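Reading the structure
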Amino acid sequence: MKIGMVGLGRMGSNMARRLMRGGHQCVVFDLNPQSVSQLAKEGAQASTSLEELAARLEKPRAVWIMLPAGEPTEQTVTTLAGRIEPGDILVDGGNSYYKDDVRRAGVLAARAIHYLDTGASGGVWGAERRYCLMIGGDRQAVQILEPIFKTLAPGLGNIPRTPGMPQGTAEQGYLYCGPSGSGHFVKMVHNGIEYGLMQSYAEGFDNLRNANSEALPPERRYNLNISDIAEVWRRGSVVGSWLLDLAAMALAENPDLSNFGGSVQDSGEGRWTIIAALEEAAPADVLSASLYTRFRSRQDHNFAEKTLSAMRFKFGGHVERPAGG
């Protein structure tokens, strides 16, 4: 297929590379001309504007938007909607608020333009590991873009099939979740869970690190090798996960994590997950606590916060910002 890719940051550029490796043609645009020229060297068709990008595509046009949530995505959707035609498809692959998706989809539906909200998990490792995709919107548009989703998703790989689970796209790594907003809603909760998982690891490693505290009786002080513990947990433990893999990698590189200050940002989805829980009257004790810990981390830092920051950097390339930044 031929698809436009708008936004060539950490994930957008790697998605374009993955699609081109899968035999698709990519027409790319970014406000940074160097990002465009780099992908052009790798086989993409360069565009200097959204107008040029739309003109280079073939009907039914498909444009994948990979930009920060909020105004950047809003402006791009609005501009592209004025450059494409009925039957064309816009895909928001960023982390937009699902309520914004519902609104945008309604506006575009009045112009017979399809809008898909597609949550993508994979971070900076996506070019290598590919992406878990959660898709909301018009099912017909999803079917049209099936080759794109299939190329971006990891497929079965070496993960055994779940006993009793009927075969479908979920085990291939992409899923049609339902109508507009549902894809980003599922991704939002995914990221809320991610907060909780990361917080659990961070607090656990902090507990281990402080096992030799002078506040403890001498016979119960343990000088533990945190890097080795992270590594042994990767081997058959019930708490094994990719996040643990990344934590082990960071600890092996620097056991004290002195290269991280411990100021941990939140990118929006954690807050939105808590808002949704409040609206549903659904308890979210762990997810709420993990979000508040990120707020606290911008005031004072301990080893747990450094561990959180290290995991965020490893999976998503998130660089610490100064407190208040």
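Please read these numbers as outputs of a predicted model, since none were measured by experiment. (Residues numbered from 1 in each chain as written. Predicted model: local features only at pLDDT ≥ 70, side-chain atom pairs only at ≥ 80, totals over all residues. Heavy atoms only, no water.)

**Observations regarding the sheet that holds strand β4 (residues 62–65)**
Taking strand neighbours across the sheet as the criterion, the 8 strands line up as β3-β2-β1-β4-β5-β6-β7-β8 in an open arrangement whose pairing is mixed. Among the strands making up the open sheet, the edge pair consists of β3 (45–46) and β8 (174–178). Bridge count for strand β1 (residues 2–6) against β4 is 3 bridges, and the pairing is parallel. Counted as the bridge partner of Gly4 is Val63 from β4. Against the sheet, helix α1 (residues 10–21) contacts β1, β2 (25–29), β4 and β6 (114–121), and its axis sits at roughly 165 degrees relative to β1. Contacts from helix α4 (residues 71–81) reach β1, β4, β5 (89–92) and β6 within the one sheet, and its direction differs from that of β4 by about 170 degrees. (Pairing = 2+ DSSP bridges. Helix = DSSP H or I, 4+ residues; strand = E, 2+ residues; numbered from the N terminus. Contact = heavy atoms within 4.5 Å. Axes fitted to C-alpha atoms, helices over the stretch in contact; angles between N-to-C directions.)

**Focus: unusual backbone geometry**
A cis amide bond, omega -10 degrees, links Lys59 with the succeeding residue Pro60. Mapped onto the secondary structure, Pro60 falls in the loop between α3 (50–56) and β4. Its identity as a non-glycine residue notwithstanding, Ala112 has a phi of 60 degrees, on the positive side. Inspection of the secondary structure assignment puts Ala112 in the loop between α5 (98–109) and β6. Using a relative accessible area of 40% as the deciding quantity, one classes Ala112 as partly exposed. The phi dihedral of Ala281 is positive, around 55 degrees, even though this residue is not glycine. Along the chain, the position of Ala281 falls in the loop between α12 (269–280) and α13 (285–297). (Buried < 20%, exposed > 50% of the residue type's maximum accessible area, 1.4 Å probe, protein only.)

**Regarding the pairing of β2**
The buried fraction of β2 is high, at 4 of 5 residues. Pairing of β1 with β2, which is carried by 5 bridges, proceeds in the parallel orientation. By the bridge assignment for β2, Gly4 is matched with Val27. Each parallel crossover has a hand, and the one from β1 via α1 to β2 is right-handed. The β-α-β motif built from β2, the intervening helix α2 (residues 33–41) and the parallel element β3 has right-handed crossover chirality. (Right-handed = clockwise from strand over helix to strand, strands pointing away.)

**Focus on the packing of aromatic side chains**
As enumerated under the stated definition, the model contains 7 aromatic pairs in all. Look at Tyr98 and Phe185: their rings are 4.9 Å apart centre to centre, the planes differ by 85 degrees, and that puts the pair in the edge-to-face class. Taken together, the positions of Tyr98 in helix α5 and Phe185 in helix α9 (residues 182–209) put the pair 87 residues apart, joining distant regions of the chain. With relative accessibility at 15%, the residue Tyr98 sits in the buried group. Residue classification places Phe185 among the partly exposed residues on the basis of a relative accessible area of 25%. When the ring of Tyr292 is compared with that of Phe295, the centres are 6.2 Å apart and the planes differ by 45 degrees; the resulting orientation is tilted. (Phe/Tyr/Trp six-rings, centres within 6.5 Å; stacked < 30°, edge-to-face > 60°.)

**Observations regarding the environment of Leu90**
Structurally, Leu90 is set in strand β5. For Leu90, a relative accessible area of 0% translates into the label buried. Taking the C-alpha atoms as reference points, Leu90 and Leu80, 10 residues apart in sequence, are found 8.3 Å from one another. In contact with Leu90, other than residues within four places in its own chain, are Val63, Val77, Leu80, Ile84, Leu108, Ile113, His114, Tyr115 and Leu116.

**Regarding α1**
Across its 12 residues, α1 extends 17 Å between first and last C-alpha, which sits within 8% of the 16 Å expected from 1.5 Å per residue. Most of α1 is tucked away, with 10 of its 12 residues classed as buried. Every buried residue of α1 is listed here: Met11, Gly12, Ser13, Asn14, Met15, Ala16, Arg17, Arg18, Leu19 and Met20. Positive backbone phi, at 95 degrees, marks Gly23, one or two positions downstream of α1. (Expected span 1.5 Å × (residues − 1).)

**Points about the packing of helix α11 (residues 242–253) against helix α14 (residues 303–316)**
Where α11 meets α14, the closest approach of the two axes is 9 Å, and the angle between their N-to-C directions is 110 degrees. In terms of orientation, α11 lies roughly perpendicular with respect to α14. Side by side, α11 and α14 meet where Trp242, Leu243, Leu246, Ala247, Met249, Ala250, Leu251 and Glu253 of the first sit next to Phe303, Ala310, Met311, Lys314 and Phe315 of the second. Of the residues that constitute the contact of α11 with α14, the class distribution is 11 nonpolar, no polar and 2 charged. (Parallel < 35°, antiparallel > 145°, perpendicular 65-115°, else oblique. Nonpolar A, V, L, I, M, F, W, Y, C, P; charged D, E, K, R; others polar.)

**Section: the packing of α12 against α13**
Contact pair α12 / α13: the axes reach a minimum separation of 10 Å and the direction vectors enclose 140 degrees. Of the two elements, α12 crosses α13, and the hand of that crossing is left-handed. When α12 is examined against α13, the residues Gly270, Arg271, Thr273 and Ile274 are found in contact with a partner set consisting of Leu287, Ser288, Leu291 and Phe295. A class-by-class count of the residues in the contact of α12 with α13 yields 4 nonpolar, 3 polar and 1 charged. (Left-handed = near helix turned anticlockwise from the far one by under 90°.)

Honestly, it's all geometry; don't read function into it.
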